[in-house]
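Listed here are the chains, written in short residue letters.
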Amino acid sequence: VGSFEGFMILYDGIIYSLQRNGGISVLYNELLSRLSEASCNYSVISYGHSVEFPGKKNIVRAPRLAERYRSVNYERADIFHSTYYRLPDSSSIGLSKVITTVHDYTYERYIGGLKRQVHSWQKNRAINKSDKIICVSESTKNDALEFSGVSEDRIEVIPNGVSADYFSIPGMVLSDLPQAIFVGARQGYKNFDSVVKAVSLFKDLVLVCVGGGGFDKKELAFLDENLPGRYRHAGFLTNAELNVEYNKAICLIYPSLYEGFGIPVLEAMSAGCPVIAVDASSIPEVAGDAAHLIERGTVEEIEAGISALMSDDYRQSLISKGFIQADKFSWDITYKKTMALYEQVLGKKLA
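A short tour of the structure in this document, coming up. In this text the structure is predicted, and so the values were computed from the model without any measurement. (Residues numbered from 1 in each chain as written. Predicted model: local features only at pLDDT ≥ 70, side-chain atom pairs only at ≥ 80, totals over all residues. Heavy atoms only, no water.)

The backbone phi angle of Tyr85 is positive, close to 60°, even though this residue is not glycine. Relative to the helices and strands, Tyr85 resides in the loop between β4 (79–82) and β5 (97–102). Note on Tyr85: relative accessible area 3%, which makes it buried. One non-glycine residue, Ser281, lies in the positive phi region at around 50°. (Helix = DSSP H or I, 4+ residues; strand = E, 2+ residues; numbered from the N terminus. Buried < 20%, exposed > 50% of the residue type's maximum accessible area, 1.4 Å probe, protein only.)

Let's shift gears to the packing of helix α9 (residues 263–270) against helix α12 (residues 312–326). Running from N to C, α9 and α12 point in directions that differ by 120°, and their axes come no closer than 8 Å. Considering the angle they form, α9 stands oblique to α12. Where α9 crosses over α12, the handedness of that crossing is left-handed. Where α9 approaches α12, its residues Leu266, Met269 and Ser270 are matched on the opposing element by Gly322, Phe323, Gln325 and Ala326. The residue inventory of the contact of α9 with α12, partitioned by class, reads 4 nonpolar, 3 polar and no charged. (Axes fitted to C-alpha atoms, helices over the stretch in contact; angles between N-to-C directions. Parallel < 35°, antiparallel > 145°, perpendicular 65-115°, else oblique. Left-handed = near helix turned anticlockwise from the far one by under 90°. Contact = heavy atoms within 4.5 Å. Nonpolar A, V, L, I, M, F, W, Y, C, P; charged D, E, K, R; others polar.)

What follows covers the sheet that holds strand β2 (residues 42–46). Spatially, 7 strands are ordered β3-β2-β1-β4-β5-β6-β7 in an open sheet, and the strand pairing comes out parallel. Two strands bound the open sheet, and with one partner strand each, they are β3 (58–60) and β7 (155–157). Strand-to-strand twist across the sheet, computed as the mean angle between neighbouring axes with direction ignored, equals 25°. (Pairing = 2+ DSSP bridges.)

This brings us to the environment of Glu108. Tracing the sequence through the fold places Glu108 in helix α3 (residues 106–110). Residue Glu108 is classed as buried on the basis of its relative accessible area of 6%. A C-alpha to C-alpha distance of 13 Å links Glu108 and Asn142, two positions 34 residues apart in sequence. Those residues within four positions of Glu108 in sequence are excluded, and the remaining contacts are Arg116, His119, Ser120, Lys123 and Phe147.

Here helix α13 (residues 331–346) is 16 residues long and its end C-alpha atoms lie 23 Å apart, about the 22 Å a rise of 1.5 Å per residue gives. In the segment just after α13, Gly347 is the residue with positive phi, at about 75°. (Expected span 1.5 Å × (residues − 1).)

Further remarks concern the pattern of salt bridges. When charged atoms on two side chains of opposite charge get close, those side chains can pair. A complete count under the given rule lists 15 salt bridges for this structure. Between Glu67 and Arg86 there is a salt bridge, with its nearest N and O atoms 2.7 Å apart. Pair noted here: Glu67 is in the loop between β3 and β4 and Arg86 is in the loop between β4 and β5, with a separation of 19 residues, a long-range link. The burial state of Glu67 is the same as that of Arg86; both residues are buried. Linking Glu219 and Arg186 is a salt bridge whose minimum nitrogen-to-oxygen distance equals 2.8 Å. One end of the pair, Glu219, is in helix α7 (residues 217–226); the other, Arg186, is in the loop between β8 (179–183) and α6 (192–200), with 33 residues separating them in the sequence. In terms of burial, Glu219 and Arg186 fall into one category: buried. Look at the salt bridges and you will find they share partners, linking Asp12, Arg64, Glu67 and Arg86 into a network. (Salt bridge = Lys/Arg side-chain N within 4 Å of Asp/Glu carboxyl O.)

What follows is about the nonpolar core. One broad rule of soluble globular proteins: the nonpolar side chains tend to lie buried together. Counting 81 residues, the largest nonpolar core has Ile9, Tyr11, Leu35, Tyr246 and Leu252 as the members making the most contacts within it. Of all hydrophobic cores here, the second largest spans 27 residues; its members include Val199, Tyr231, Val278 and Ile302. (Core = buried A, V, L, I, M, F, W, Y, C linked by side-chain atoms within 4.5 Å.)

This brings us to the sheet that holds strand β13 (residues 292–294). Strand order in the open sheet formed by 6 strands is β10-β9-β8-β11-β12-β13, and the pairing between neighbours is parallel. Where the open sheet ends on each side, the last strands, each with one partner, are β10 (231–235) and β13. In this sheet, adjacent strand axes meet at a mean angle of 25° when their direction is disregarded. Relative to strand β12 (residues 275–278), strand β11 (residues 249–254) runs parallel, the two sharing 3 bridges. Bridged to Leu252 within β12 is Val275. Relative to strand β9 (residues 206–210), α6 is tilted by about 155°, and along the sheet it contacts β8, β9 and β11.

What follows is about α12. In a regular helix each residue adds 1.5 Å, so 15 residues correspond to 21 Å; α12 covers 21 Å between its end C-alpha atoms and thus fits that length. Those residues of α12 not exposed but buried are Arg315, Leu318, Ile319, Gly322, Gln325 and Ala326. Each buried residue of α12 lies within a common arc of 130° when the element is viewed along its axis, so the set occupies one face. Those residues of α12 that are exposed and aimed more than 90 degrees away from the buried face are Asp313 and Ile324. (Arc of directions from axis to C-beta.)

So, on to the environment of Val286. Secondary-structure assignment places Val286 in helix α10 (residues 283–287). Judged by relative accessible area, Val286 falls into the buried class, the value being 1%. Along the sequence, Val286 and Val345 sit 59 residues apart, while their C-alpha atoms lie 27 Å from each other. Beyond its immediate chain neighbours, meaning those up to four positions away, Val286 contacts Phe261, Gly262, Val265, Leu266, Gln325 and Phe329.

See below:
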C-alpha cells in the first residue's frame, strides 16, 4: 500500500474516550501507526482522551452530552471508519463510504436490560448503514449473521494480529514462585472464580492479574479466602512489561466462555507462554492446536490443564506449536487487508 495521495480516510476516535486500553484500542493503534508510515491522508477525530503516538493526526473536538451515541459531522472524507459504532450525521452522509468493524456480541449473549438494548441499537444502526462490515473473526461473523441479520456479502473477516513486542526472552526463567497469569476483565462468563479456585489447589502457585481494573472488595475477600498471599494485580502494563510477565509464567489461563477474538492468546503464545482456554467462540480459530483447550472452564478442567503443563514435554510441545500458530497473525496483515477493503469499497486504488 502506497501514498494514498488525494484520498482522505477519517477515523472517529471515540474509543479513546471509552477505554484506556483493550483489544479495540490496540487494533486502531496498530492501524493508525502504519498509516502514519504510509504518508497517507488521514485524520482522527479526538475528544481529548486520545492515545498519543508518532504520526497521529488529530482533529480535536469538545465532547457533547452523550457523545459516544451521537452522529459525527465533517466536511470531507473518502472513507469514514468509526472506532466504535458511530455514523456520519445527516449533513455528512454521502460524503464518504462508511466502514464499521464489529468486535464481538458480548452484550447480546451475556448482558441484558437497558445496557444491551442501547448497545445493540447503536451497533445495528451502524451495521445497517455501513457500506461494508469488518468482523474480527469467523465466530463474530456468525454472530453478526445471527444477531444483526447482516447479509453475508457485506461482511469481510479481517482477523486481529499480535504485536512484535511479544517474544520469548532468551535466558528468562520462570519465577521463583511459579505464576499463572490472567489477562483482562473478570466478570461472570470469564470464569475468574474458577481460575482462583483451581490455582489454590497448587501449593505456592501465584496468580497474577493484568488489566480489568483493580480488585473490588468482594474480589479481595474471595482472593484472601482462597489464595492468601498468593495473588497480585499487576495493573496496567506496557507491552514490554506484559511480555516479561508472560515469559515468567507457567501459563496463561484464559477460560472465557466467549470472545470476539482473544488477542491475549496470541500474545502469550508469541512470548512462549502456554495457554489454557475454552474451546468456544473465536478461541479455536485463534489458538488452533497450540493451546490446552477445555470444554467449559470448570475448576476441575483448569486444574487438570495446569497439572498437564507441569510436564516439560507437554509444555515444550505447546510452546513450539504456539510460536507457529502466532506467526499466522500479524498487525501488518490486518493493516494490508483493511486497506484492500477500503480500495474495494471505493472501486479504485488508493496508491
